[in-house]
Every structure is written in structure tokens, then in C-alpha cells.
Amino acid sequence: MKFLLVAGDVNRIGGIEKYNKDFLSALIKTGARTILVERREGGALAKISFLLRFIGQFIKVRPDIIFCGHLNFAPVCLILKALFGTPYALALYGIEAIEINGLLRRNAVREARRVITISEYTKSLILKQFPEVKERIFMLPSAVDGSIFFIKEKNGGLIEKLGLTGRPTILSLARLSTPEHKGQDRVLKALPLVLEKVPDAIYLIVGSGKDDRVDAVLNEHPEL
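Please read these numbers as outputs of a predicted model, since none were measured by experiment.

Caption draft 1: Summary view of the packing of helix α2 (residues 44-61) against helix α3 (residues 74-84). Running from amino to carboxyl end, α2 crosses α3 at an angle of 30°, the nearest separation of the two axes being 12 Å. For the element pair α2 / α3, the angle class is roughly parallel. The two elements α2 and α3 cross, and the hand of that crossing is right-handed. Residue-level inspection shows L51, F54 and F58 of α2 in contact with α3, the latter providing V76, C77, L80 and F84. Looking at the contact of α2 with α3 residue by residue, the classes come out as seven nonpolar, no polar and no charged.

Shown next as C-alpha cells:
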């Protein structure tokens, strides 16, 4: 079986990039012939290059199915299906599924052979807008490589440095981003209630960037 996987740069740091990289690795391990076309960073020239490589590999390989790693690429998959009958699976992750606009994008969701989701939350967002795809949704949560991520002995020096000794700790590990809304502000809003019952609890936010919601909560609750 021949797969054509279209995705962003899988070597970039990010949840979607990691997801597509893991998916690519899994396809290769099955022994299936898998061709990857990546959308590299850049403006108009990078977009044109990606589109030409996408169509060129499609014509060369004539895959049995296309795996579309981002909603932005789905309209091309929709057009190729209309012209050649090639089915495609579309992965949706979170923020881009909150409100899917545009005729081509919406039709691309409707026409996908499979709509792949990573969580019940994303699934609910999709079904709210496209109840007709209920029987074609496939849940495939993000994977964790157990050879890289595993429980290690606690770093005593770090615990002491951050003042965590003996304290119940909540940790958010994600970039701060106003458009993406990672949810750190929700934890902060709930923290006063947590502290009423667990006064020595501490909340650590690890990640770069800026989230206006977090700033607003901290301004409202300077004691945090």
C-alpha cells in the first residue's frame, strides 16, 4: 500500500509536528511505502514550492490514500479526490477545529475518508459542526516514547531551588500563546479555591511566550 503524507516540517518543535512525525514512523514500521511532503517555513515561495512538490509526488506515486496532517492542506486533498478519486484521511488537533470556516475547508472535512482526532474535546468540536462525519471519526491520541520519557529520580537541587520541598505541585508544560489558548489561565483561576484546601500548593508554568489571559488573571489576583 502506498501512502502520501503531507504535513508541516516534522522536525520543528511542536505538538502537531511531533504527532505527524510519530505517525510517519508508525507507517514506515508497517512496511508500507510512505512518501512525506513537508511544508517548510516561509512565505509565498515556500507555499508554491510545497504545492508543486505535493502535486508532483502525487502524480509520481499515485498513492492509495493521502494522510493530511493539517487542515490548511485539506483543500488540495479535496481537489485531488474530485479529480482522481484518491481518498484521504484528515487529522484535526484542537484550535483549528474550534470553528472551521471556508467552503473548501468545510467540504474537505465532510469528504474525508477518516477524520482523525486526538481527544474527546476535539471530537466534540468536530461533531458540533459536522454531525454527518460521526461514523468516520477515528480517535488516535498523541503517543509517548517510553524510551525517552520515563520517571526518573527527583532532582533534589532543582526542588530546593524552586522551593518545592514537601509541597503539592501542579505543572503546566506548554508555550504561552493567546491565539492557541493552552489553558494556563484556567488553572490560575481555579488556584484560589485549591489554596483554600491545600494552602501550600504551588503552580509551575513552564514554557515561553505570552498569553493575555494569563496576564489578566494575574492582574486580577496579584496574590498569586
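Caption draft 2: Representation of helix α1 (residues 15-29). Given a rise of 1.5 Å per residue, 15 residues ought to cover 21 Å, and the 21 Å separating the end C-alpha atoms of α1 matches this to within 8%. As for α1, its buried residues are in contact with β1 (2-8), β2 (33-39), β3 (65-68) and β5 (114-117). Positioned one or two residues after α1, G31 has a phi angle of 90°, which is positive.

Caption draft 3: Layout of the layout of surface pockets. For the largest pocket, the calculated volume is near 1,600 Å³. Lining the largest pocket are 46 residues, and of these G14, G15, I16, R175 and K182 lie nearest its centre. Broken down by secondary-structure element, the contributors of at least two residues to the lining of the largest pocket are α1 and α5 (120-129). Per-element tally for the lining of the largest pocket: the top contributor is α1, with eight residues. Among the residues making up the lining of the largest pocket, the classes are represented as 15 nonpolar, 16 polar and 15 charged. Estimates place the volume of the second largest pocket at around 580 Å³. Going through the elements one at a time, α6 (156-162), β7 (169-173) and β9 (202-206) are the ones with two or more residues in the lining of the second largest pocket. Among the residues forming the lining of the second largest pocket, the class breakdown is nine nonpolar, two polar and four charged.

Caption draft 4: A look at the sheet that holds β2. Here six strands make up an open sheet; going across it, the order is β2-β1-β3-β4-β5-β6 and the pairing parallel. Only two strands of the sheet have a single neighbouring strand rather than two, namely β2 and β6 (137-139). On average, each strand axis in the sheet is inclined to that of its neighbour by 20°, with strand direction left out of account. As paired strands, β3 and strand β4 (residues 88-92) are joined by three bridges and run parallel to one another. What sits directly across from I66, in β4, is Y88.

Caption draft 5: Representation of the side chain of Q129 in the model. Tracing the sequence through the fold places Q129 in helix α5. Since its relative accessible area comes to 18%, Q129 is described here as buried. Among the polar contacts listed, one links the side chain of Q129 to the backbone oxygen of I98, at a separation of 3.4 Å. Those residues in contact with Q129 that lie beyond four places of it in its chain are A97, I98, E99, I100 and R106.

Caption draft 6: The environment of I126, seen in detail. Here I126 shows up in helix α5. A residue is classified by how much of its surface remains accessible, and I126, at 0% relative accessible area, is buried. Distance from I126 to I148, taken between C-alpha atoms, is 32 Å for residues 22 residues apart in sequence. Non-local contacts of I126, meaning those with residues more than four positions away in its chain, are made with L92, A97, V115, T117, V133 and I137.

Caption draft 7: Quick peek at the pattern of salt bridges. Applying the stated rule across the entire model yields nine salt bridges. With a closest N to O distance of 3.0 Å, R40 and E38 form a salt bridge. Taken together, the shared-partner salt bridges connect D9, E38 and R40 into one network.

Procedures and definitions
Residues numbered from 1 in each chain as written. Predicted model: local features only at pLDDT ≥ 70, side-chain atom pairs only at ≥ 80, totals over all residues. Heavy atoms only, no water. Axes fitted to C-alpha atoms, helices over the stretch in contact; angles between N-to-C directions. Helix = DSSP H or I, 4+ residues; strand = E, 2+ residues; numbered from the N terminus. Parallel < 35°, antiparallel > 145°, perpendicular 65-115°, else oblique. Left-handed = near helix turned anticlockwise from the far one by under 90°. Contact = heavy atoms within 4.5 Å. Nonpolar A, V, L, I, M, F, W, Y, C, P; charged D, E, K, R; others polar. Expected span 1.5 Å × (residues − 1). 1 Å grid on protein atoms, 1.4 Å probe; cavity = no way out; pocket = protein on both sides within 12 Å on 5 of 7 lines; lining within 4 Å. Points joined across faces, edges and corners; volume = space filled by probe spheres on them. Pairing = 2+ DSSP bridges. Buried < 20%, exposed > 50% of the residue type's maximum accessible area, 1.4 Å probe, protein only. Polar contact = N/O pair within 3.5 Å; in protein donor to acceptor, adjacent residues only side chain to side chain. Salt bridge = Lys/Arg side-chain N within 4 Å of Asp/Glu carboxyl O.

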